[in-house]
Amino acid sequence: MHKERVVITGLGTVNALAKNIVDFTHALKSGLCGIGPVTLFDTTDFRTHSGAEVNNFKPQDLIPSQFSLKRMSRADLMVFAAAIEALSDARLFPFPDALCEDTGVVLGAGSGGKLEGESFYRDYIETEGRNARFSMLASVCPAASADHITTHLGLMGPKTTFMTACSSGATAIGFARDLIERRAATVVIAGGVEPLCRTTYASFNVLQAVDPEYCKPFDRNRRGLSLGEAAAVVVLESLNHAKERGVPIHGEVLGYGISCDAYHMTTPDSEASGAARCIQAAMADAGISAAAVDYINAHGTATPANDAMETRAVKKVFGPHAYRIPISSTKSMTGHTLGASGALEAIVSVLSITHDFIPPTIHLHDPDPECDLDYVSTSARESAPHIVLSNSFAFGGNNTALILGRFTEKGIQNE
Amino acid sequence: MNSPSPITLTASSGFKGSRDQGMEKNLMSRRVVVTGIGMVTPLGIGKERFAQALFRGESGIKEIAAFDTSSFPSHLGGEIREFSARDFISAKYLRRMDRLSQIAVASSRLALEDAKIVVNTANRDHIGIILGTAFGPTDLKVHCARILFTEGPMMINPILVPNSVMNAPAGHASIELGFRGVNTTVNHQAASGETAIVYAAMEIQRGAADIILAGGADILSEFFFETLVRFKAISPVNGGKEGARPFDTHRNGPVAGEGCGIVCLEVLEHARERGVIPYCEIAGWGMSSSPASPTDWPADAKGISLAMVRALNSAHCAPDVIEMIQAASNGGKNPDRIESDACLHLFGSETAVPLVSSLKGATGESFSSGGVRAASLALSLREGMVPPTLGLVDPIVQLPFVTGEARKIDIRNGLLNAFSYGGTNVSIVMRKIEQG
């Protein structure tokens, strides 16, 4: 039994820059910033007040009226809207009945329905439990998002949700690849979702990890991340299936790797061992050499520790070639979307391949001497990457690296 | 009864031409076995105590001791008792961990010890953990919300933040025990633990790790108990006598439980090289979804049956070679009916219907119970014993349920079922392996 090659045939997103892929591509090329004042909740008592919020999110404009949106959280709605876009892009909407049994959903998540859950908690605490409606907790579980997608579309394939903070979305795509590769599914709707909420915003604030202005990845004056929210969904399917359907192929999932720092819960290992090992595992899985990588979408959170560590990891893995690879942190535009970021940046990586450009690291004006690689500052660069590495490093020391490739008949890694 | 041959799928030449051919071959031929068990459960701490209680038919369900239940209609729980975190975790790390992480780290340590694995610089990058949790640190969530809404957002203690993410237990385990390989956390309702086991087996098969600790952990906090009561999710739903009665006509909801079970999964050749006798093999698995809103059970058994059929196909076995089922049923009105329907549908026409047992009559429903139940099935395969379904007196259907006391029977193939509200189904075939 040979392994199925796994290709990407659909993309969909809702994020602070755009509510569809066309606008998102334009924003990435133009180097737009999605970071601004947070309005979803009152930030008066917080240390910082900015974030990459999805403004004017109207789910009814993005989701066909045949679906009931009752009991769906903001996270559920964002990712369902992104899924509809991705399926439409893959020419799988309306979803064909014949494919339902063999189509799965794998998501990475973070806060899930916590924004709505907070309203419950407030009532519960203020009234000492008397006036709280526990039914409000029904949509609080992060797993609910995937349940809604399978239920709305009648899908009966494998389903699960990963919760590894900032690497959840990347791991979801890796696991989805595995399911198709070994024929446990023909099509998988994979991605990630993260809503802004008070709890997450407070957590990063008390850790002093948030830049009060906007994040400045790899800059000497970086002071932390900008929290964001997003949903990002890709449709993955076996190459044979995509060919049978005759649909355009946006790219191929070539490989991925997971590792753990086993160092500290919130501080990355300054030796960059874990980060380097997951990149190496992904390259071995993809069957590529270091010289084959021609763009790195960095984790690039703009915390002092991450950016220095990530630079070290890239040098460790790529040696002298590290200086020749364009690298960017698109979190400078989208904010750090935590559970969604791995999937959102996989989409950015695919768009860089399909639209022949390297998106910029905006707000990078004064490079940190410790961060001395080619970070493509300020504006996008024309280029035609064939193989892209996307890094995701999370709290808990959970690292995932994804390798995405331009689709060619022979396999881009063999050309 | 014909014994099925182990999975020996042949490696193809592969169209990923430049790919490491060794790895290509490994993906399809590496067999995954259980070599260690680590338990922190209502039936006891450690494998020996757990196995003893399991096969003697002891119950871990008692009046809840950790908090006052007098204002609730439910008072029973499957609590972890006599657990001393200090016995398993260094003082340096212990104070940084919440209880959920403590039970996960302790179980992980026990599983490594049982598998006779010493983590060192030579093997640490090839050892990992994949953990499932259905609800994570429920007590911490409500605590943080309390600070947020009473004292203000900037008054949350930063030391609590790392524990508030669901991947904290696996992160703590890696730091405390020193392994740096594959590490991830699955959070999908009551199928979290079983999905973690499936993923761990997949990662070992494709060569991403040699050893992965896999299982699930959830804790029973007062707030979570109250939530279950308010959702009418635990016995006695709509009155009656409180208690866990899987598959019983008079069942009225599960009893809430907690616990962590970890199985150490390892590639077979590796275990043999080390001279360790595996409990059993993870022979195959199936996953599926059923339409259901996130807090409701599916209407029918179609999805559940699909997961079971996929598991059997993946393990290359016919239904009639399955000798026992470690069932997911917990005494809930709907799940027990659906699972028994699925079993009747799949096995009803067979000459040999497998013995059916549910552990949740003894432990309660801990949601991410996959690790505990996989360990239970592994012990059944090794000992040739099917544990009784406690609380089952008057079965809802005619299936060969094991009740009262454990049944001695040689088991070569067992099926582990996991079904969740929200429509998530996982089934795993576990198989005794030939020695040598």
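Positions within a chain are numbered from 1, following the residues in the order the chain's sequence is written. Written order decides the labels, with chains lettered from A and ligands numbered from 1. For this predicted model, a pLDDT threshold of at least 70 governs which residues receive local features, and a threshold of 80 or more governs which side-chain atom pairs are given and counted, while totals over whole chains, interfaces and linings are taken from all residues.

Thoughts on the overall build of chain A
Here is step 1: Looking only at helices and strands, chain A has twelve helices and 14 strands in total.
Here is step 2: Here the globule rule is a power law, 2.2 Å times the number of residues to the power 0.38, and the radius of gyration is based on C-alpha atoms. Against the 2.2 N^0.38 benchmark of 22 Å for 415 residues, chain A shows a C-alpha radius of gyration of 20 Å, consistent with a compact globule.
Here is step 3: The principal-axis extent of the C-alpha atoms belonging to chain A is close to 65 × 55 × 40 Å.
Here is step 4: Looking at the 415 residues of chain A, the share that counts as buried comes to 68%.
Here is step 5: In this description, a residue-residue contact is defined by the distance between C-beta atoms placed from the backbone, which must lie within 7 Å. The long-range share in chain A, meaning contacts at least 24 apart out of those at least 6 apart in sequence, stands at 80%. Secondary structure elements are defined from DSSP: runs of H or I of at least 4 residues count as helices, runs of E of at least 2 residues count as strands, and each element is numbered from the N terminus. With C-beta atoms placed from the backbone, a residue counts as buried when 20 or more other C-beta atoms lie within 10 Å of its own, as exposed when 12 or fewer do, and as partly exposed for counts between those limits.

Examining the nonpolar core
Here is step 1: What makes a nonpolar core is a set of buried Ala, Val, Leu, Ile, Met, Phe, Trp, Tyr and Cys residues, with links drawn between C-beta atoms within 7 Å. Formed by 294 residues in total, the largest nonpolar core has its most connected members in Ala231, Val234 and Ile403 of chain A together with Ile212, Val263, Leu265 and Ala378 of chain B.
Here is step 2: The dominant element in this core, judged by the number of residues it contributes, is helix H3 (residues 74–89) of chain A, at eleven residues.
Here is step 3: Domain boundaries shown here were taken from an automatic or database domain assignment. Shared between two domains, this core takes at least three residues from each, and those domains are domain 1 (7–245) and domain 2 (254–414) of chain A.
Here is step 4: Those residues within four positions of Val263 of chain B in sequence are excluded, and the remaining contacts are Val34, Gly36, Ile37, Ala111, Ile197, Ala214, Gly215, Gly371, Ala374, Ala375 and Ala378 of chain B.

Quick notes on the domain arrangement of chain A
All names here are of chain A.
Here is step 1: When its domains are assigned, chain A resolves into domain 1 (7–245) and domain 2 (254–414).
Here is step 2: Averaged C-alpha coordinates put domain 1 and domain 2 at centres separated by 21 Å.
Here is step 3: Across the boundary between the two partners, domain 1 contributes 59 residues, which contact 58 residues of domain 2.
Here is step 4: Within the residue set of the side of domain 1 that touches domain 2, elements represented by two or more residues are strand E1 (6–15), helix H1 (21–30), helix H6 (168–181), strand E6 (187–194) and strand E7 (230–238).
Here is step 5: Of all the elements, H6 adds the most residues to the side of domain 1 that touches domain 2, at eight residues.
Here is step 6: In the scheme used here, Gly and all other residues not listed as nonpolar or charged are polar, with Ala, Val, Leu, Ile, Met, Phe, Trp, Tyr, Cys and Pro taken as nonpolar and Asp, Glu, Lys and Arg as charged. Looking at the side of domain 1 that touches domain 2, its residues break down into 30 nonpolar, 20 polar and nine charged.

A short note on unusual backbone geometry
With the exception of glycine, the majority of residues adopt a negative phi angle, and the majority of peptide bonds are in the trans configuration.
Here is step 1: Phe93 of chain A connects to Pro94 of chain A through a cis peptide bond whose omega is 0 degrees.
Here is step 2: Of note, the amide linkage connecting Ser235 of chain B to Pro236 of chain B takes the cis form, showing an omega dihedral of 0 degrees.
Here is step 3: Structurally, Pro236 of chain B can be placed in the loop between helix H9 (222–230) and strand E8 (259–267).
Here is step 4: Of note in this structure, Gln189 of chain B is not a glycine but carries a positive phi near 50 degrees.
Here is step 5: Following the sequence through the fold, Gln189 of chain B ends up in the loop between strand E6 (183–186) and helix H8 (192–205).
Here is step 6: By C-beta crowding, Gln189 of chain B is classed as buried, having 29 other C-beta atoms within 10 Å.
Here is step 7: Even without glycine at this site, Asn238 of chain B takes up a positive phi of about 55 degrees.
Here is step 8: Within the secondary structure, Asn238 of chain B sits in the loop between H9 and E8.

Topic: the interface of chain B and chain A
Here is step 1: Facing the 70 residues of chain B at the interface are 68 residues of chain A.
Here is step 2: Considering only residue class, the side of chain B that touches chain A consists of 32 nonpolar, 30 polar and eight charged.

Quick word on helix H7 (residues 198–206) of chain A
Here is step 1: Across the nine residues of H7 of chain A, nine count as buried, placing the element largely inside the fold.
Here is step 2: All of the buried residues in H7 of chain A are Arg198, Thr199, Thr200, Tyr201, Ala202, Ser203, Phe204, Asn205 and Val206 of chain A.
Here is step 3: Contact partners of the buried residues in H7 of chain A: helix H4 (114–126) of chain A together with helix H5 (138–150) and helix H6 (161–164) of chain B.
Here is step 4: Immediately beyond the C-terminal end of H7 of chain A, within one or two residues, lies Gln208 of chain A, with a positive phi of roughly 60 degrees.

Regarding the environment of Ala146 of chain A
All names here are of chain A.
Here is step 1: Looking at the element boundaries, Ala146 is found in helix H5 (residues 144–153).
Here is step 2: Judged by local crowding, Ala146 falls into the buried class, with 32 C-beta atoms found within 10 Å.
Here is step 3: Each C-alpha atom of the pair Ala146 and Pro369 lies 43 Å from the other, and the pair is 223 residues apart in sequence.
Here is step 4: Ala146 has contacts with Val105, Leu107, Lys159 and Thr161, leaving out every residue within four places of it along the chain.

What about the pairing of strand E9 (residues 280–289) of chain B?
Residue and element names in this part refer to chain B.
Here is step 1: Taking burial as the measure, the ten residues of E9 include ten buried ones, the bulk of the element.
Here is step 2: Note that strand E1 (residues 32–41) and E9 share two bridges and pair antiparallel. In the strand pairing of E9, Val33 is matched with Glu281.
Here is step 3: Two strands pair if DSSP finds at least two bridges between them. When E9 meets strand E15 (residues 424–431), the two strands line up antiparallel, connected through eight bridges. Counted as the bridge partner of Ile282 is Met430 from E15.

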